[in-house]
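Single-letter residue listing:
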Amino acid sequence: MKLAAPARSLRIAVLSREDNHSTRRLVTEGEERGHTIEVIDTTRCYMAINTLAPEVHYDGTRLPRYDAVIPRIGPSITAYGTAVLRQFESLGTHCVNGSAGITASRDKLHAHQLLAARGIGMPQTAFAASPKDTDNLIGLVGSGPLVVKLLESTQGKGVVLAETRKAAQSVIDAFRGLRANFLVQSFVKEAAGEDIRCLVVDGKVVAAMKRSASGDDFRSNLHRGGTAKPVRITREERDTALRAARVFNLGLAGVDLLRAHDGPKVLEVNSSPGLEGIELATGKNIAALLYDAIERKVRPAPVRKRRTA
Ligand code: ADP
Ligand code: MG
């Protein structure tokens, strides 16, 4: 006979600097389930690094021991945010996403290297540091239109389509002039301004939406005016999304892929995926599914007769 785990209320920290929709959703949903949810401004955490006991301080007091931490670390504070998170990790707190996975997934170059090493499909991607190599770099990616991306781009802000070799050279020169780090990618034309966001929670794709660019833009980011609707994904797409999330060991991930002629191509793995767009588009309660996963991980396992006898 299987006994249900006792419903214990959990104390959970949401590491977030912003009072945005996703953070509020996490608070409301968690409290509805009887948990105590504390929103901790990541940049206000401070720490003594010593060998005795890792701890995290906040506004004059030491933070309590949380049952779980949900990191929502924005791209502008990745280094500090993941340092705070490492502190929680050393305390043995369950962190929905780990510091290493957040750091690696956020750096597009590192992320693509890790994905490639696992044989996960992606557009032809190349990178070079010296202006002397621009021509050869373009050659590596092929003769067609190219996409040039700032390594730290989010919301489509640093992603440019260069239709010709000449255009690609100018964009690359401009980025180099600004000392920006970027990568070059073959343009997956058949994706036609659409991408698929798969939301992965604890090793399952729990929701998927298709985002379509507005007007003649090729970028489907919702922040660029794209629209979203629910989509049925293929088994291959599901497997690809799961494997991509697993590369970074993320308990909550938004995996973006393009539908190319020769299968799904991963563009990026987002460790702080927004909840609003996907919940609206699919009608799924993602926050609840996340808490289901946290409760499974953190609550004591049901006591089995066999072990207590
Ligand atoms: P960001 O992190 O800024 O969102 P992405 O790599 O996700 O950068 O690119 C933004 C959007 O541009 C994608 O959602 C997709 O619609 C489009 N896009 C990006 N790379 C390609 C590509 N290689 N081929 C076709 N479309 C692309
Ligand atoms: Mg994106």
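Source: prediction; values computed, not measured.

> How do you make sense of the overall build of the protein chain when you look at a structure like this?
Per the secondary structure count, the protein chain includes 10 helices and 16 strands. For a compact globule of 309 residues, the expected C-alpha radius of gyration is about 19 Å, and the protein chain comes in at 21 Å, within 12% of that figure. Out of the 309 residues in the protein chain, the part that is buried amounts to 49%. Excluding contacts between residues fewer than 6 apart, the proportion of contacts in the protein chain whose partners are at least 24 apart in sequence is 67%. Summed over all atoms, the accessible surface of the protein chain reaches about 15700 Å², with 50% contributed by carbon and sulfur.

> Would you take a moment to explain the site of ligand 1 for this structure?
Looking at ligand 1, there are 22 residues lining it, with Lys108, Lys149, Ser153, Gly156 and Ser220 nearest. A distance of 3.3 Å separates an oxygen atom of ligand 1 from a polar atom in the backbone of Phe218. Here ligand 1 loses 99% of its free accessible area of 540 Å² to cover by the protein chains. The set of elements that each furnish at least two residues to the shell around ligand 1 consists of strand 9 (146-150), strand 11 (182-186) and strand 16 (263-270).

> Would you mind showing me how to read the packing of aromatic side chains here?
Here the distance between the centres and the angle between the planes together describe a pair of aromatic rings. By the definition in use, this model includes three aromatic pairs. Their ring planes at 55° and their centres at 6.0 Å tell us that Phe175 and Phe182 sit as a pair that is tilted. Here Phe175 and Phe182 have matching classes, each one buried.

> Help me understand the packing of helix 5 (residues 134-141) against helix 6 (residues 165-177), please; the structure alone is not making it clear to me.
Packed helix pairs are specified by the crossing angle of their axes together with the interaxial distance, meaning the distance between the axes. Across the interface, helix 5 lies against helix 6 with an axial gap of 11 Å and an inter-helix angle of 125°. Accordingly, the angle class assigned to the pair helix 5 and helix 6 is oblique. Both helix 5 and helix 6 take part in a crossing whose hand is right-handed. In contact with Thr134, Asp135, Leu137, Ile138 and Gly139 of helix 5, helix 6 contributes Arg165, Ala168, Gln169, Ile172, Asp173 and Arg176. For the contact of helix 5 with helix 6, the per-class residue count stands at four nonpolar, three polar and four charged.

> Explain the domain arrangement of the protein chain to me, please; I cannot follow it from the model alone.
Note: interface size is frequently given as the accessible area lost on complex formation between the parts. Partitioning the protein chain into structural domains gives domain 1 (11-104), domain 2 (124-187) and domain 3 (190-294). Spacing between the C-alpha centres of domain 1 and domain 2 amounts to 35 Å.

> Would you take a moment to explain helix 3 (residues 99-106) for this structure?
The α-helix winds at 3.6 residues per turn, so residues separated by three or four positions along the chain end up facing the same way. Here helix 3 lies mainly inside the structure; six of its eight residues are buried. Among all positions of helix 3, only Ser99, Gly101, Ile102, Ala104, Ser105 and Arg106 are buried. Contact partners of the buried residues in helix 3: strand 6 (68-72), helix 2 (78-90), helix 4 (108-117) and strand 16.

> Mind showing me how you'd approach the pattern of salt bridges here?
A side chain with one charge can pair with a side chain of the opposite charge if their charged atoms come near. This model, assessed by the stated rule, comprises 19 salt bridges. One salt bridge connects Asp19 with Arg24, and the closest N-O pair in it is separated by 3.3 Å. Using a relative accessible area of 42% as the deciding quantity, one classes Arg24 as partly exposed. Between Asp292 and Arg33 there is a salt bridge, with the nearest N and O atoms lying 2.4 Å from each other. Linking Asp292 in helix 9 (residues 286-298) with Arg33 in the loop between helix 1 (21-32) and strand 2 (36-40), this pair joins segments that are 259 residues apart in sequence.

> Explain the sheet that holds strand 3 (residues 45-46) to me, please; I cannot follow it from the model alone.
The strands making up a sheet associate through hydrogen bonds between their backbones, and the pairing can be parallel or antiparallel. Read from one edge to the other, the open sheet built from three strands follows the order 3-4-5, with strand pairing classed as antiparallel. In the strand order of this sheet, the two ends are held by strand 3 and strand 5 (61-62), each with one partner.

> Can you help me understand the nonpolar core in this one?
It is characteristic of soluble globular proteins that their nonpolar side chains tend to be buried jointly. In this structure, Ile70 and Ile294 are the most contacted members of the largest nonpolar core, which totals 25 residues. Broken down by element, the residue count for this core peaks at seven residues, all from helix 9. When we break this core down by domain, the ones giving at least three residues each are domain 1 (11-104) and domain 3 (190-294). Contact partners of Ile70, with chain neighbours within four places excluded, come to Ile12, Ala13, Val14, Leu15, Leu26, Val96, Leu290, Tyr291 and Ile294. Among the nonpolar cores identified, the runner-up in size contains 23 residues, and Leu115, Ile233, Val266 and Val269 belong to it.

> Is there a simple way to explain the sheet that holds strand 15 (residues 252-260) in this structure?
Strand order across the open sheet formed by five strands is 14-13-12-15-16, with antiparallel pairing between neighbours. Looking at strand neighbours, the two that pair on one side only are strand 14 (227-230) and strand 16, the edges of this open sheet. Averaged over neighbouring strand pairs, the angle between their axes works out to 30° when direction is ignored. Pairing between strand 12 (residues 194-201) and strand 13 (residues 204-212): eight bridges, direction antiparallel. Bridge pairing links Cys198 to Ala208 in strand 13. Here helix 7 (residues 235-247) sits on the sheet in contact with strand 12, strand 13, strand 15 and strand 16, set at roughly 135° to strand 15.

Rules used throughout
- Residues numbered from 1 in each chain as written.
- Chains lettered and ligands numbered in written order.
- Predicted model: local features only at pLDDT ≥ 70, side-chain atom pairs only at ≥ 80, totals over all residues.
- Heavy atoms only, no water.
- Helix = DSSP H or I, 4+ residues; strand = E, 2+ residues; numbered from the N terminus.
- Rg over C-alpha atoms; globule rule 2.2 N^0.38 Å.
- Buried < 20%, exposed > 50% of the residue type's maximum accessible area, 1.4 Å probe, protein only.
- Contact = heavy atoms within 4.5 Å.
- Areas by Shrake-Rupley, 256 points an atom, 1.4 Å probe, with all protein chains shown as cover.
- Near = heavy atom within 4 Å.
- Polar contact = N/O pair within 3.5 Å; in protein donor to acceptor, adjacent residues only side chain to side chain.
- Phe/Tyr/Trp six-rings, centres within 6.5 Å; stacked < 30°, edge-to-face > 60°.
- Axes fitted to C-alpha atoms, helices over the stretch in contact; angles between N-to-C directions.
- Parallel < 35°, antiparallel > 145°, perpendicular 65-115°, else oblique.
- Left-handed = near helix turned anticlockwise from the far one by under 90°.
- Nonpolar A, V, L, I, M, F, W, Y, C, P; charged D, E, K, R; others polar.
- Domains from an automatic or database assignment.
- Salt bridge = Lys/Arg side-chain N within 4 Å of Asp/Glu carboxyl O.
- Pairing = 2+ DSSP bridges.
- Core = buried A, V, L, I, M, F, W, Y, C linked by side-chain atoms within 4.5 Å.

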